[in-house]
Amino acid sequence: MSDTHTPSSELFLKKKEDFDRVKREGRRRPTSLFNVMFCLTSTSRTRVGIVVGKRFGKAVARNRGKRIFREVVRKTHGLLVKGQDIVVFPKRPILTCNHQALYDSWVKVLMREGLMSPIKPLPCVKQP
RNA sequence: GGAGUGGGUUAGGUGAUCGCUUGUUCCCGUUUGGGCCUGGGGAUGAGAGGAAAGUCCGGACUCCAAAGGGCAGGGUGCUGGGUAACGCCCAGGCGGAGCAAUCCGACAUGAGCGCCACAGAAAACAUACCGCCGAUGGCAGAGAUCUUUCGAGAGCCUUUGCCAGGUAAGGGUGAAAUGGUGGGGUAAGAGCCCACCGCAUUCAUGGCAACAUGGAUGGCAGGGCAAGCAUCACCCGGAGCAAGACCAAAUAGGGGAACGAACCGAACGGGUUUCUUUUCAACUCAAUGAUGAGGCCUAUCGAGUUGAAGAUUGAAAUCGUGAUGAUUCGGGAGAGGUCGGCCCGACCGAAGUUCUCGGGUAGGUUGCUAGAAGCCCAUGGUAACAUGGGUUCCAGAGACAUGAUCACCCCCAGGUUCCUUGUGAGCGUGGGACAGAAUCCGGCUUAUCGACCCACUCCAUGU
RNA sequence: GUCCCCAUCGUCUAGUCUGGCCUAGGACGCCGCCCUUUCAAGGCGGCAACGCGGGUUCAAAUCCCGCUGGGGACG
C-alpha cells in the first residue's frame, strides 16, 4: 500500500489545544481496557492522541502504555476514516492483557462508531 | 562441608518479521508561474541505569554591577589526609556490640542563661524527713557517794528522758541524689585516715595530632539536657538550563519624526462624448479542473462576451470660463481641552495619515553534550587518591525515542508421565526483579529477582 | 525538569516554635439515654485521631534523619 506513507509526525496529536478541543467537544466510548474520545476536524487527516495520566503508574508503566497504543495505531492507521481526531485514555489492565485481545477490542469499538473501514485481518501478526 | 563478615562484577541470551530516534553517505525529483515547510528510498553506525529515582549534600556552567570585607541567617563538628568541592571517601584514636572476621557512633565546649513534670526532705545550691548519736553544754528524774543543823545540800561517779547540737553510713522517691570496695577510726559517722580502682591538676616519654603509657601531687573539685539558647573553630553572596543568549509574526499599547486646522500669498484647475487602459463581478470555452508523498502562501491559469467602477503622473474632439476644490507650494500661528461665572492668566496639548525605534508574546534557533570521561599500563602512597604514557568516542528528546509478535536456549516454582527411584528423563503451565536519561559531573539515601568472583572469621570433619 | 509547602477523630481545626500536668482540647457529625403524645430544639453520656520507620532524651504529636502520600510555583 503506497498510500500509507504518512509521516509519523503527523499521525499523532501533539498540541495542547487539539487535546483540549477533543476533550471538550468529542464523544466518549469506554471499554474495560481504555476510553476513547473523538471528534471531526477541519483537516483531511486523522490523528490519534494518547493520554496517560499520573494515576496510571510510575514512569515505566506510563511509557509502556503509550508504546503499546502507538503500536496498535500504527498498524491500523491505514484503515481509519479521514478527518477525525481521536484521543485514547488507556487503563491499567492494558499492561497485563495480551496483544490480540487489545487489537480486537480496538477494532471493534472503532468499527461500531464508523471510524474504521471494515476490512482486513491483522497486517503483520501470525503468518505461519 | 556448614554458619557468617566485608568487597567487587553482572543485570537473561540468540535469531526472524514489523516499527521508533539519530549520525554519516548515495540516489530520487516532479510542474500551472513563483516560493516555503515537512521530504521519499537504499547502505551503514549508534541508541537508558546501578540506581537513570528521591532531590538530601557538594561542584561546574549562566545571569544578577563587583562577589572583596563586615553583620544577619544557615551548615558542619574526635584527629590527620584525599579532593574542584562536600555532610563524601581513606587511615588512625576513643567509646559501644559481637567468640571472631567485622560493624555502629552529630564523638568540640570546667563561662553564662533556660528547663528537669510526677514522686521525693532535697533536682543544683545547698539543705536535713525518717533514722543514728547525744562525746560537749543545759534542764529534769533515779541510784550510789560526800557533807549535814537530819529539813536538806553538793557536785568529782553511774544511768534514764528532753533540748541545744553532731551526722550524711542506712531508709524511701526518682531517669538522675554529692565517687566505688575493703579496713581503720568514732558518741554516731564522714576521704576523717589508709590500700586498690575511678577522677582532677601537673610533669615526662611516644605520636604531626586525636590520644596512649608512666610518675608526682591533690583529697573529690561535683548531676542531666547544647538533634534547648549560647560559646569556639571552619565553611557558605543570591537564584537557577523553565538559568541565559540570538532571531522574531499578529494584536494592543509605548517613544521619536514628518505632514496636518484657521488665515495670508502664489500656482493649478471644470463638464460631456469617443477611443485606450486598469480593477471587479457574472457567463462561455472548461472541468466537484490543473501536483511530485503531505501541507501552506501567493499569483493565477487565458482567451472571449456582457455589465459596473475608476484613470487625464492616456489621447482626441467639443462646451465652458475665474464659480468651485478633501489640490500643490511657501509663510504662518495655535485649533481643542482642564482650572475658571467671564476676561486675563496657568497647565495639558490631538484625532488622522506615513515613516521609524526599542522592549517583547506565539513560534523558532542555541545552550546540548569530549567530560574533574571511560579502559589499559607504569610510578608514588598503608589507603582514599595523584602524576605520566597509550588508547576509545559512548543517547540528546520536547505529547517526550529502545517496543511488539514468534521460535529456540538458560534460570526458578510447583503439576503430571516414565523408569534404571534420583543432583534422572520427557511433556505441557506460570514466572524472570527494582525500575526509563532531559544541563552535566562527584557523593549520600532509598528500591531490587538472582547469578558469579575475591578476601577473611568461627565451628565440624579428614590428612 | 527545577524549586517549595503540608500531613492530628468521619470532616474542619487547637496544641508543635518554647518536649512533661496530653490518658491530645473544641465544633459539626454518629450512637445511646432523658425530656415530649410524637418529631425538632434542649440536657447528659459514649465512640473516634498525632502518616510510617529509625535516632536524641528519663520522657517525643512536638527536636533531628530517612521514607510515604497530598498540594503548589515557574513556560
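The shown structure was predicted, so the numbers you read here are calculated from the model rather than taken from an experiment. (Residues numbered from 1 in each chain as written. Chains lettered and ligands numbered in written order. Predicted model: local features only at pLDDT ≥ 70, side-chain atom pairs only at ≥ 80, totals over all residues. Heavy atoms only, no water.)

Peer 1: Please explain the environment of Thr31 as it appears in this structure.
Peer 2: Looking at the element boundaries, Thr31 is found in the loop between β1 (27–30) and β2 (34–40). When its relative accessible area of 17% is taken as the criterion, Thr31 is described as buried. For Thr31 and Gly53, which are 22 residues apart along the polypeptide, the C-alpha to C-alpha distance reads 17 Å. Those residues in contact with Thr31 that lie beyond four places of it in its chain are Lys91, Ser105 and Val109. For Thr31, the side chain forms a polar contact with the main-chain nitrogen of Leu33, separated by 3.2 Å. At a separation of 2.8 Å, a polar atom in the side chain of Thr31 contacts the main-chain carbonyl oxygen of Phe34. (Helix = DSSP H or I, 4+ residues; strand = E, 2+ residues; numbered from the N terminus. Buried < 20%, exposed > 50% of the residue type's maximum accessible area, 1.4 Å probe, protein only. Contact = heavy atoms within 4.5 Å. Polar contact = N/O pair within 3.5 Å; in protein donor to acceptor, adjacent residues only side chain to side chain.)

Peer 1: Is there a simple way to explain the sheet that holds strand β3 (residues 47–50) in this structure?
Peer 2: The strands making up a sheet associate through backbone hydrogen bonding, with each pair oriented either parallel or antiparallel. Read from one edge of the open sheet, four strands run β1-β2-β4-β3, paired in mixed fashion. Where the open sheet ends on each side, the last strands, each with one partner, are β1 and β3. Across the sheet, the mean angle separating the axes of adjacent strands is 20° when strand polarity is ignored. With seven bridges connecting them, β2 and strand β4 (residues 84–90) associate as antiparallel partners. Bridge pairing links Phe34 to Pro90 in β4. Sheet contacts for helix α3 (residues 99–112): β1, β2 and β4; angle to β2, the most-contacted strand, approximately 35°. (Pairing = 2+ DSSP bridges. Axes fitted to C-alpha atoms, helices over the stretch in contact; angles between N-to-C directions.)

Peer 1: Just to check I follow, could you spell out the environment of Glu71 for this structure?
Peer 2: Among the structural elements, Glu71 can be located in helix α2 (residues 59–76). Here Glu71 falls in the partly exposed class, since its relative accessible area comes to 30%. Sequence separation of Glu71 and Pro93 is 22 residues, and the distance between their C-alpha atoms is 17 Å.

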